[in-house]
Amino acid sequence: MLRDARMQDVAELRALLAAAWAATYRDLIGDDALAAMTREALRPETLAAALGDPSRLTLVALDGAALLGVVAAELRPAATHVARLYAAPGAEGRGVGTALLAALRARRPDMPVTLHVASANARARGFYAARGFRDRGPGREIVAGVAFDVRVLELPVGAPMAPSSTAPRTAAR
Ligand SMILES: CC(C)(COP(=O)(O)OP(=O)(O)OC[C@H]1O[C@@H](n2cnc3c(N)ncnc32)[C@H](O)[C@@H]1OP(=O)(O)O)[C@@H](O)C(=O)NCCC(=O)NCCS
């Protein structure tokens, strides 16, 4: 099931994001930068503050009590900007990411959805392209002092968002 993240999710959210970042970025930025980024950007109090911020929205996917994925977005005036989208390591390819994106978009159907994806993250870029996101060009993002070359992506209002070819096994209720 999918629901809004709650304060009591912070510890599990932190663990999921730390594991996903390690799996995704270790080869790209190295152990030291990964450790610094994780320490700085994933402080429990920072995550808790984001959950209490009305200009942000965080949705989680659950299978029973287990956290399978998260999408965290900034509700910007002209776009819903995805700051984070991760399936838990081991839960990829089960429709979680697609279901989270669809649920996020449904909250503000009259807004485009934007995001930055690391240019080197070919798998995620393929995922977004297959879901209907357009590449708006290069950008740069700094996360807790660690710089990433990124692609700026946008899912326009009304553009069809292709479902995952893998049937969602976490029913979006
Ligand atoms: C990218 C990600 C969010 C997609 O979510 P997901 O739940 O795995 O994706 P879904 O099951 O909804 O969709 C499956 C699609 O994602 C693609 N995909 C991307 N990364 C994948 C991965 N690590 N494992 C399996 N499929 C992956 C598959 O090719 C598949 O494409 P298709 O349906 O067009 O054939 C997720 O795989 C993930 O967290 N990956 C690692 C971290 C990451 O790169 N996050 C994005 C940061 S911007």
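Every chain begins its residue count from 1, and numbering advances along the sequence as written. Local features in this predicted model are restricted to residues whose pLDDT is 70 or higher, and side-chain atom pairs enter the listing and the counts only when it is 80 or higher, whereas totals over whole chains, interfaces and linings include all residues.

> Where do I start with the environment of R123 in this structure?
Put simply, DSSP marks the helices as runs of H or I at least four residues long and the strands as runs of E at least two long, and each gets a number from the N terminus on. Checked against the element boundaries, R123 lands in helix α5 (residues 122-131). Between the alpha carbons of R123 and L16 there is a distance of 19 Å; along the sequence they are 107 residues apart.

> Just checking my understanding: could you explain the site of the ligand for this structure?
Near the ligand you find 22 residues, and of these E92, G93, G97, T98 and A124 are the closest. With five residues, the single largest contributor to the shell around the ligand is α5. Residue type decides the class: Asp, Glu, Lys and Arg count as charged, Ala, Val, Leu, Ile, Met, Phe, Trp, Tyr, Cys and Pro as nonpolar, and the leftover types, Gly among them, as polar. Its residues placed into classes, the shell around the ligand shows nine nonpolar, 10 polar and three charged. We count a residue as near a molecule or strand when its backbone-placed C-beta atom lies within 6 Å of that partner.

> Would you mind going over the packing of helix α1 (residues 10-29) against helix α3 (residues 44-51) with me for this structure?
Think of two packed helices as two axes; the pair is described by the angle between the axes and how far apart they sit. Inter-axis angles, ranging from 0 to 180 degrees, are taken between N-to-C directions of lines fitted to C-alpha atoms, where helices are fitted over the stretch in contact. In contact at an axis separation of 10 Å, α1 and α3 are set at 115° when each is read in the N-to-C sense. Between α1 and α3, the interaxial angle falls into the category roughly perpendicular. When you trace α1 past α3, the crossing you get is right-handed. Along its contact with α1, which presents V10, L13 and R14, the element α3 presents P44, L47 and A48. Broken down by class, the residue content of the contact of α1 with α3 amounts to five nonpolar, no polar and one charged. For classification purposes, angles smaller than 35 degrees are called roughly parallel, those larger than 145 roughly antiparallel, those between 65 and 115 roughly perpendicular, and all remaining angles oblique. What makes a crossing left-handed is the near helix being turned counterclockwise from the far one by less than a right angle; a clockwise turn instead makes it right-handed. Residue pairs qualify as contacts under a 7 Å threshold applied to their C-beta atoms, which are placed from the backbone.

> For this particular structure, what's the right way to read α5?
Side chains of residues three or four places apart in an α-helix project in the same direction, reflecting 3.6 residues per turn. Three classes are used. A residue is buried when 20 or more other C-beta atoms lie within 10 Å of its own, exposed when 12 or fewer do, and partly exposed in between, with C-beta atoms placed from the backbone. Along α5, the residues that are buried comprise F127, Y128 and R131. Angularly, the buried residues of α5 cover 90° about the axis, an arc narrow enough to put them on a single face. More than 90 degrees from the buried face of α5, the exposed residues found are A122 and G126. In this fold, the buried residues of α5 make contact with α4 (96-107), β5 (113-118) and β7 (146-155). Once α5 ends, the next one or two residues include G132, with phi positive near 105°. What the arc measures is the spread of directions leading from the helix axis to the C-beta atoms.

> Can you help me understand the environment of M7 in this one?
Positionally, M7 belongs in the loop between β1 (2-4) and α1. Taking C-alpha positions, M7 is 10.0 Å from P44, a pair spaced 37 residues apart along the chain.

> Which parts of the structure should I look at to understand the sheet that holds strand β2 (residues 56-63)?
The strands that make up a sheet are held in pairs by hydrogen bonds between backbone atoms, and each pair lies either parallel or antiparallel. In this analysis, strands are considered paired if DSSP registers two or more bridges between them. With respect to topology, seven strands assemble into an open sheet ordered β1-β2-β3-β4-β5-β7-β6, the strand pairing being mixed. Here the strands that pair on one side only, and so sit at the sheet edges, are β1 and β6 (134-143). For this sheet, the mean angle separating the axes of adjacent strands, direction not counted, is 30°. Note that β5 and β7 share six bridges and pair antiparallel. Each residue of the ladder has a partner; that of V117, found in β7, is R151. Across the face of the sheet, α1 comes into contact with β3 (66-76), β4 (79-87), β5 and β7 while running at roughly 80° to β3.

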